[in-house]
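Residues per chain are reported as follows:
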Amino acid sequence: MAEVILMPRLSDTMTEGVIAAWHKNVGDTIKKGDLLAEIETDKATMELESYQSGVLLHIGTTTGGKLQVNDLLAIIGLAGEDISTLLTPNTKNIPSATNAPTPAIATPETTIATDIDINNAEEVVLMPRLSDTMTEGVIAAWHKNIGDTIKKGEVLADIETDKATMELESYKDGILLYQGAKAGEKIIVNDLLCIIGKEGLDIASIIAAVKAGNNNVAAKSEEPSTTSSATTASTVTPANQQQTNTIVVNEGRILASPLAKKVAAEKGIDLKYIKGTGDNGRIVKSDIDNYSSTTPIPTATISTEISSSNNQIAQTFVQTNISSFDEVPISQMRKTIARRLSESLFTAPHFYLTMSIDMDAAVAARTKLNESGKIKISFNDIVLKATAVALKQHPKVNSSWLGDKIRYNHHINIGVAVAVDEGLLVPVIRFADGLSLSEIAVRVKDYAQKAKDKKLQPSDWEGSTFTISNLGMFGIDQFTAIINPPDACILAVGGISQIPVVKNGQITVGNVMKVTLSCDHRVVDGATGAAFLQTLKSLLEEPLRMLI
């Protein structure tokens, strides 16, 4: 039976989406997990994967068209199926594959055979990709319990991604018959999230089919989450028990879809070992999902306990003169940081420019501002304001590399790196050049607190045009930072040190701060970066110039 797909809510603030691109045409065969379209929301362009298998019979709007959340996005069903009753009057003018005779529709059975193809089971709901960087999600909370009746559009669960906790709405009507994981547990994208169907459905057959590997879907009900108390142990696996699947099947140029390449990179799989099942041997996402990894299991055993409050590790015992170690599952955030910064460092040609800045005037100005002001100004706030003013004079530094073009941003949105327990977040101070020092101070403090409380939303960290990373408060004099893509530059700010300096021919004690600008050489040349630092230096050494 044909299934209606509505425009999903891809972020907690999304109300409508624009079709950036369709990856499937009307009449194409689609499998669960195939990339269906790219949806442009109010904050980012995200990939939308199909939640079911079938033939694309109808699209709700063409590329560039706009749809409200829960508007008709697409219809997927059997080839030639009559979908006229599913179309609303304002969507019947969109191309659809409805010219073939209508096939007979079988009455749904209440049970499913044990050899059921999970890809074609309409009752199965897989973990969706709720952001463009998400690879797995943690169930923060279930809004529906087993046995509850669910309608399309109702909030099913809260899903914690690598950056935020988002609401997941149900895409179908029915009764919640099964949950793939409990609150606090982890599920990989496209793994079994839940089963929604009619009373009497034999869910045991579906679960058995899942566990048998028909869909490479496995409920993560036994995997400990980094946010809950758990005991983990790594065990020795004999070499003769490890599977082997390292036959090279591809040499030379390897044909693979962009999505397959992306998933393979995330999983650390070499495409030369994977046999493609697509056209002309092209590797598709399902080939990656079906590949059996052969990464050796660590060869040591130790029991550890993970505290739910601060993720600190406490060994149950420590014995001297014995090699031991602790292992903690990698968090969602840490995985994303590792992937994005690795991509940045190894794809963007970095170069670094360091400059020493006399901060005597800035120290004096901050002291006077904080004597009577209700809002306390930090040195980081002053550096951020000076950077915003300098970026306005050097637009080439306030730019982005987009592959086949360079974007010179007219607005100035500065990302501020904030350290949290799990890693690093970069909330964005928007239109920073138009903000006063007190406004900047309030926003930075607010974002820092939200980051530590895990309350940042996608709108808080998206859209930066330049980034500042400050480790001065930790006593670091100087360091280099990796560019935060798609920004072209990042400024690493060290601490203010009192050192001997020469002024007017005399040796005196001065307050000196070192900053290092990391530049993407594809966008910013050395002279451009140096000119920006000269302007930043002049503004910090004479803070009154920022008011002009």
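Refer to the structure printed above.
Below: a short report on this structure. (Residues numbered from 1 in each chain as written. Predicted model: local features only at pLDDT ≥ 70, side-chain atom pairs only at ≥ 80, totals over all residues. Heavy atoms only, no water.)

1. Here we look at the pattern of salt bridges
Then, in step 1: For the coordinates displayed, the defined rule picks out ten salt bridges.
Then, in step 2: Salt-bridge contacts for E136 lead to K186; the nearest nitrogen and oxygen are separated by 3.7 Å. Of this pair, E136 sits in strand β10 (residues 136-142) while K186 sits in strand β15 (residues 186-188); the two residues are 50 residues apart in sequence, bridging distant segments of the chain.
Then, in step 3: For E136, a relative accessible area of 6% gives the class buried.
Then, in step 4: Close ionic contact of D433 with K392 constitutes a salt bridge, the shortest N to O distance being 3.4 Å. With a gap of 41 residues between them, D433 in the loop between β26 (428-429) and α7 (437-452) and K392 in helix α6 (residues 379-393) connect regions that are remote in the sequence. (Salt bridge = Lys/Arg side-chain N within 4 Å of Asp/Glu carboxyl O. Helix = DSSP H or I, 4+ residues; strand = E, 2+ residues; numbered from the N terminus. Buried < 20%, exposed > 50% of the residue type's maximum accessible area, 1.4 Å probe, protein only.)

2. Comments concerning the nonpolar core
Then, in step 1: If you look at the biggest cluster of nonpolar residues, it comprises 70 residues, and the most contacted ones within it are L193, L384, F466, L491, L533 and L540.
Then, in step 2: The element that contributes the greatest number of residues to this core is α6, accounting for eight residues.
Then, in step 3: Contacts of L193, omitting those with residues within four sequence positions, involve V125, L126, M127, P128, I139, W142, L168, Y178, Q179, G180, A181 and I187.
Then, in step 4: Core analysis: the second largest hydrophobic core is formed by 20 residues, A37, M46, Y51 and L67 among them. (Core = buried A, V, L, I, M, F, W, Y, C linked by side-chain atoms within 4.5 Å. Contact = heavy atoms within 4.5 Å.)

3. Details of the pairing of strand β29 (residues 506-520)
Then, in step 1: Bridge analysis of strand β20 (residues 350-358) against β29 gives nine bridges, and the strand direction is antiparallel. Bridge pairing in β29 places L353 opposite L517.
Then, in step 2: Between strand β28 (residues 489-503) and β29, which pair antiparallel and follow one another directly, the connecting turn spans two residues, one of which, N504, has a positive phi of 55°. (Pairing = 2+ DSSP bridges.)

4. Some details on the packing of α6 against α7
If you want to describe how two helices pack, look at the angle between their axes and the distance between the axes.
Then, in step 1: Put simply, α6 and α7 touch, their axes get as near as 9 Å, and they point 115° apart. Here α6 and α7 pass one another in a crossing that is right-handed. Note on element contacts: α7 touches α6 through L437, I440, A441, V444 and K445, opposite N380, D381, I382, L384 and K385.
Then, in step 2: Classifying every residue of the contact of α6 with α7 gives six nonpolar, one polar and three charged. (Axes fitted to C-alpha atoms, helices over the stretch in contact; angles between N-to-C directions. Left-handed = near helix turned anticlockwise from the far one by under 90°. Nonpolar A, V, L, I, M, F, W, Y, C, P; charged D, E, K, R; others polar.)

5. Brief notes about the sheet that holds strand β2 (residues 16-22)
Then, in step 1: In spatial order, the strands read β5-β4-β2-β7; together these four strands make up an open sheet with antiparallel pairing. The sheet terminates laterally at β5 (45-49) and β7 (66-68), the two strands that pair on one side only. This sheet shows a mean twist of 40° between the axes of neighbouring strands, independent of strand direction.
Then, in step 2: Of the pairings in the sheet, the one linking β2 to strand β4 (residues 35-40) comprises four bridges and is antiparallel in character. Opposite I19, over in β4, you have I39 as the bridge partner.

6. Some points on α6
Then, in step 1: Between the first and last C-alpha of α6 there are 22 Å, a value that for 15 residues agrees with the 21 Å anticipated at 1.5 Å per step.
Then, in step 2: Counting buried positions along α6 gives twelve out of 15 residues, so the element sits mostly inside the fold.
Then, in step 3: Of the residues making up α6, those classed as buried are N380, D381, I382, V383, L384, K385, A386, T387, A388, V389, A390 and L391. (Expected span 1.5 Å × (residues − 1).)

7. Examining the packing of aromatic side chains
Then, in step 1: The tally for this structure, following the rule as stated, stands at one aromatic pair.
Then, in step 2: Between R366 and the ring centre of F379, over which it is positioned, the NZ or CZ distance is 4.6 Å. (Phe/Tyr/Trp six-rings, centres within 6.5 Å; stacked < 30°, edge-to-face > 60°. Lys NZ or Arg CZ within 6 Å of the ring centre and 35° of its normal.)

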